[in-house]
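Close look at the chain arrangement
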Amino acid sequence: MRAVVIGAGMAGLTSARQLALAGWEVDVLERADGPRADGYMMDFFGLGFDAAERMGILPRLREVAYRIGEVEYVDARTGKRTASIDYDRFAEAVDGRLLSLMRPDLELVLLDALADAPDGSVRVHYGAPYDASAAADSGSELGGRLADADLVVGADGIHSSVREALFGDETQFVQPLGLRAAAYVIDGAPDLHAEFDGRFVLTDTVDRQAGIYGLRDGRVAAFLAYREDANDGLDPHEDAPTRLRRVFGGLWHPIDRLLERCPPHPYDDVVAQVVLPRWHRGSTVLAGDGCQAVSLLAGQGASMAIAGAELLTELVGPCRDADAIEAALGEVERRWRPVVEEKQAAGRRAANTFLPPDRFRLLLRRWVLRASSLPVVDALVMRSIAGGTGLKGGTGI
Ligand SMILES: Cc1cc2nc3c(=O)[nH]c(=O)nc-3n(C[C@H](O)[C@H](O)[C@H](O)COP(=O)(O)OP(=O)(O)OC[C@H]3O[C@@H](n4cnc5c(N)ncnc54)[C@H](O)[C@@H]3O)c2cc1C
């Protein structure tokens, strides 16, 4: 059996490995020229953590994980701490099954894990974008590959081209949550690194929130989240560095220094969920953010991408004909959709706590975080945060 997987991210690499272990020949087509070095810190817990354990990659993930003791909120004017989230208590709330991972590290561990598959069963092609017109032309290399495949997995992220080819324009399915998020990593700022090494610091601010943390290789990472409507909307002609400087300039002096060094093309995208009535057509199926994005507000997108891909391949892996594949894809949707919907609902609920829209909700968040140092409140808050929402900068309280 032959599969083509579009996208070498979380869902794509997991799908490729698991299909190959089930005896499939897999080609992975990735648009980027290689694994991406840039990224952001992620909380990794929940169903994807369980899947990673079953896949046997947890020991490696533990090796590359960061130790984050706490997330500190600071007053952007004074730099003084206003509240904090204790990560050890979070970890306890999920029985210690929580890792802080940089996205590129998670991707590299998944890439290395392809070595578990039989020799030559997975081929990853970088610099190989999916393109709908080439896909429709069976004379093209891409079209030929797809025509030969028993299964095509569209794991090409939230702005999936495979989804567009199957079901139409993304405006029907991508549901913006009113926020944008940006992230990038800079080199050559040793003083900032010294100040933020081992720390994850967020401004305690309304409508825009800037985060900074030091990485183990001496680089410094920026995480910026902002409300579109409260920050003059989005001018399509404005490039991302200019927009980020406009929105965040003057907020807090360490952030100004990060903004000075913003690369020309940082990650800067809408925070959104993906909801669509069907996830497959014939033998082409969507996986990961392309069909089930929960958004960073739910804090489990990568975890869900891995867990969903594991379920997909568990059901499709043993299939040996088109009817069985089609039936298995229906079953994946039946089982997995309710899980996704629950995480998406939690993500939507978290929006105002993640990024308070007014001072009242900012103070409320501060109060709840402070109160969580009391044992009774602590148990409730920690369980609520770990239950469905992102930890760093986003609490579900
Ligand atoms: C700032 C931020 C913080 C986050 N924090 C967390 C967190 O704490 N915990 C968590 O679990 N999740 C978190 N997430 C979400 C998580 O990153 C995503 O949900 C996850 O990466 C989705 O995996 P995926 O494989 O579906 O897509 P992606 O990881 O986006 O991978 C898609 C791949 O497809 C490739 N591709 C795209 N188009 C094409 C094409 N036409 N042809 C070929 N290849 C293509 C891309 O280059 C990419 O490699 C966060 C996201 C952001 C933005």
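Since the structure is predicted, the reported quantities are computational estimates derived from the model, not experimental observations.

Observations concerning the sheet that holds strand β1 (residues 2-6)
One open sheet holds the six strands; their spatial order is β7-β2-β1-β8-β15-β14, and the pairing between them is mixed. Looking at the sheet topology across the chains shown, the edges are occupied by β7 (122-125) and β14 (280-281). Sheet topology note: the β1/strand β8 (residues 151-154) ladder contains four bridges and is parallel. Bridge pairing in β8 places Val4 opposite Val152.

Some words on the environment of Asp38
By the secondary structure assignment, Asp38 is in the loop between β2 (25-29) and β3 (41-45). Since its relative accessible area comes to 35%, Asp38 is described here as partly exposed. Between the alpha carbons of Asp38 and Ala298 there is a distance of 21 Å; along the sequence they are 260 residues apart. When neighbours within four sequence positions are excluded, Asp38 is seen to be in contact with Pro104, Tyr184 and Val185.

Comments concerning the UniProt feature "domain: FAD-binding" (unreviewed entry) in the protein chain
Within this numbering scheme, the UniProt entry marks residues 3-166 as carrying the feature "domain: FAD-binding" (unreviewed entry). Within the segment residues 3-166, helix and strand shares are 39% and 23% respectively, and the terminal C-alpha atoms sit 17 Å apart.

Side note on the pairing of β8
Where burial is concerned, the two faces of β8 agree: the one with Leu151 and Val153 and the one with Val152 and Gly154 are both buried. Note that β8 and strand β15 (residues 284-286) share three bridges and pair parallel. Looking at the pairing, Gly154 lines up with Leu286 of β15.

A closer look at the site of the ligand
With respect to spatial proximity, 30 residues lie near the ligand, and among them Glu30, Tyr40, Asp43, Arg103 and Asp289 are the closest. Here an oxygen atom of the ligand sits 2.6 Å away from a polar atom, N or O, in the side chain of Arg103. Here Gly299 contributes a backbone N or O atom positioned 3.0 Å from a nitrogen atom of the ligand. When isolated, the ligand has an accessible area of 1,000 Å², and the protein chains bury 92% of it. Sorting the residues of the shell around the ligand by element identifies α1 (10-21), β3 and α13 (301-316) as the ones contributing at least two each. The leading source of residues in the shell around the ligand is α13, at four residues.

Brief notes about the sheet that holds strand β12 (residues 220-227)
Taken in spatial order, the seven strands make up an open sheet running β5-β4-β10-β11-β12-β9-β13, and their pairing is mixed. In the strand order of this sheet, the two ends are held by β5 (81-86) and β13 (267-274), each with one partner. Going from strand to strand, the sheet's axes swing by 20 degrees on average, the running direction of each strand aside. Alignment of strand β9 (residues 174-186) against β13, held across eight bridges, turns out to be antiparallel. Bridge pairing in β13 places Pro176 opposite Ala272.

Let's talk about helix α11 (residues 253-260)
Three or more residues of α11 are buried, namely Pro254, Ile255, Leu258 and Leu259. When α11 is viewed along its axis, its buried side chains cluster within an angular range of 145 degrees and face the same direction. Residues of α11 that are exposed and angled more than 90 degrees away from the buried face: His253 and Glu260. As for α11, its buried residues are in contact with β9, α9 (190-196), β11 (208-214), β12 and α10 (240-248).

The rules behind the values
Residues numbered from 1 in each chain as written. Predicted model: local features only at pLDDT ≥ 70, side-chain atom pairs only at ≥ 80, totals over all residues. Heavy atoms only, no water. Pairing = 2+ DSSP bridges. Helix = DSSP H or I, 4+ residues; strand = E, 2+ residues; numbered from the N terminus. Buried < 20%, exposed > 50% of the residue type's maximum accessible area, 1.4 Å probe, protein only. Contact = heavy atoms within 4.5 Å. UniProt positions renumbered as here; feature names shortened; annotations may be inferred. Near = heavy atom within 4 Å. Polar contact = N/O pair within 3.5 Å; in protein donor to acceptor, adjacent residues only side chain to side chain. Areas by Shrake-Rupley, 256 points an atom, 1.4 Å probe, with all protein chains shown as cover. Axes fitted to C-alpha atoms, helices over the stretch in contact; angles between N-to-C directions. Arc of directions from axis to C-beta.

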